[in-house]
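# Overview (structure and organization)
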Amino acid sequence: MGSLKTLSGGLLLGLCLTLLGWGAEGQWNGHPKKEISGSGPINLGQQQRGTWWPLMQTRENLTEVKSIKSMFQFRTFDPEGVVFYGDTREGEDWFVLILRNGLPEMQIGKADILVSVQGGPKLNDGKWHLVEISSQGDFVVLEVDGQKALVVGLKSKETMEVLTGQIRLALGGILVSVDKLFLPFQPEMDGCIQKGNWLNLSTPWETELIGEPWPCYQNIQPGSYFPGAGLAAFNTTDLPGHQTEEGGITIDIHGDSTKMEGTVLSLNTPGQEFPTVTVKINNNPKKVILTILKSDAITEQSFSRLSLTLLKNQVNMDIDDTHLTFEIDSIPDFPRSWKEGMILAFGGLPGDGVSYSSIQYLKGCLEKIQVQGQDVDLDRALYKDLSVSSHSCPSEVGRGDIKLESERAGGRSLILFV
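For clarity, every value in this text was computed on a predicted model and none was experimentally measured.

### Section: the sheet that holds strand β32 (residues 383-384)
The antiparallel open sheet is built from 7 strands, whose spatial order is β24-β23-β22-β21-β28-β19-β32. At either end of the open sheet lies a strand with only one pairing partner, and these are β24 (295-299) and β32.

This is how it looks when you write it as structure tokens:
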């Protein structure tokens, strides 16, 4: 097949959807480019936070495209983010596959038509899934582990035309303006892809990664991983807790403290030279250090769950079944300060990068972070260091890599005609 044609509408979409790769509305962001294989393990979590720019990209002349199918293995615990994208005609016709609430979602733009469809099995279970996308006439088909998950039909009144030019493919980002999307979403994806076959093309991919690519660990578990190089910080005005006075503010941390070292969290008041509250872990010797203003309270025990309750002039700390109360006159009215705006950081002490040494950064896995009983998603932080993984931690005893032909997660196939 020397060329692809837009069948009634197309969408072959570029068909292809098969996708993945080239630059932000076509422009590179300035870092040196290097080539990378599209078939090896690819950790999507190393993309720069807050950017829609793809992690890696490629492009090829449509005359070289002999297949209209792409397939790859995919694994994540992340409920939302970009997996891959493809387009033709420099973004006039485009396609993107994302996860939202763990479910696959396809958005397609063709001429003046926009389509969005979601369904199939949840994919954020930490298992490897075989994902296949193909263009079949007027339909784009998504299969997961050999089962049809989504089928989208797209009809256009445009005259059938020979599709010329190039196809652009991208992983972990999109190449069209965000305002072209049918529905917005959180772009960051903490997940891994391996064994990719993109339209049977052998064209190398390009990336602007600085340093070596992150590995895809053999075994992972849910949680946020801090490798000892950075932190994530929130403004408390963006977190729950604005309706509470009497009950105070509760922050829960779940994880194995014997496998952590460094600053778990810090709470900072704007304009104050030192943190208002910090929790640090030292495992040589074993101890948990709670610092309120400049006063330390030390307990020599490990935990699987630590809970801080911030009240007016009082801080309660629960370490598993042990309850500790601290009352200091100079402690601020936390519920009031929380509403006015404080900086809550996980994994370190916010600073200028000079006054705080790297030894204070956390190394370890926070299996769950909650504020007022609600899960905290580090992808929504005011700031998150590129080294921090939001939704997965390396695991010594993992859930295991599953065989792709094993059971498929629950979920119905969804067919949409437009």
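### Examining the sheet that holds strand β31 (residues 374-375)
Pairing within the open sheet is antiparallel, and its 6 strands lie in the order β27-β26-β25-β20-β30-β31. Both outer strands of the open sheet, β27 (322-327) and β31, are each paired with one neighbouring strand and no more. With 6 bridges joining them, strand β26 (residues 314-319) and β27 adopt antiparallel strand pairing. For M317, the partnering residue across the bridge sits in β27 and is L324.

### Thoughts on unusual backbone geometry
The omega torsion of the bond from N284 to P285 falls at 0°, within 30 degrees of zero and hence cis. Inspection of the secondary structure assignment puts P285 in the loop between β22 (277-283) and β23 (286-292). Its identity is not glycine, yet N200 carries a phi of approximately 60°, on the positive side. Along the chain, N200 turns up in the loop between β15 (191-198) and β16 (205-207). Of note, the phi angle at Q372 is positive, near 55°, even though the residue is not glycine. Along the polypeptide, Q372 turns up in the loop between β30 (368-371) and β31.

### Structural notes on the layout of surface pockets
A water-sized probe rolled over the atoms picks out the places where empty space is left. Its volume calculated, the largest pocket comes out at about 410 Å³. Surrounding the largest pocket, 19 residues form its lining, P79, D375, V376, S390 and H391 being those nearest its centre.

### Description of the nonpolar core
Ranked by size, the top nonpolar core spans 41 residues in total, and within it L290, L308, W338, L344, F346 and L378 carry the most contacts. Look past the residues within four positions of L344 in its chain and what remains in contact with it is A232, A233, F234, T236, L239, I251, L265, S266, L267, W338 and V371. Counting 37 residues, the second largest nonpolar core, distinct from the first, contains L44, I113, V131 and I133.

### Here's the deal with the state of the cysteines
Going through the model one piece at a time under the given rule, you end up with 2 disulfides. Across the disulfide, C365 is cross-linked to C393 (sulfur-sulfur distance 2.1 Å). Judged by the sign of its S-S torsion, about 80°, the cystine formed by C365 and C393 is right-handed. Of this pair, C365 sits in strand β29 (residues 363-366) while C393 sits in strand β33 (residues 392-394), placing them 28 residues apart in sequence. The two residues C365 and C393 agree in class, both being buried. Look at the chain and number its bonded cysteines as they come in the sequence; the links are 1-2, 3-4.

What counts, and at which threshold
- Residues numbered from 1 in each chain as written.
- Predicted model: local features only at pLDDT ≥ 70, side-chain atom pairs only at ≥ 80, totals over all residues.
- Heavy atoms only, no water.
- Pairing = 2+ DSSP bridges.
- Helix = DSSP H or I, 4+ residues; strand = E, 2+ residues; numbered from the N terminus.
- 1 Å grid on protein atoms, 1.4 Å probe; cavity = no way out; pocket = protein on both sides within 12 Å on 5 of 7 lines; lining within 4 Å.
- Points joined across faces, edges and corners; volume = space filled by probe spheres on them.
- Core = buried A, V, L, I, M, F, W, Y, C linked by side-chain atoms within 4.5 Å.
- Buried < 20%, exposed > 50% of the residue type's maximum accessible area, 1.4 Å probe, protein only.
- Contact = heavy atoms within 4.5 Å.
- Disulfide = S-S within 2.5 Å.

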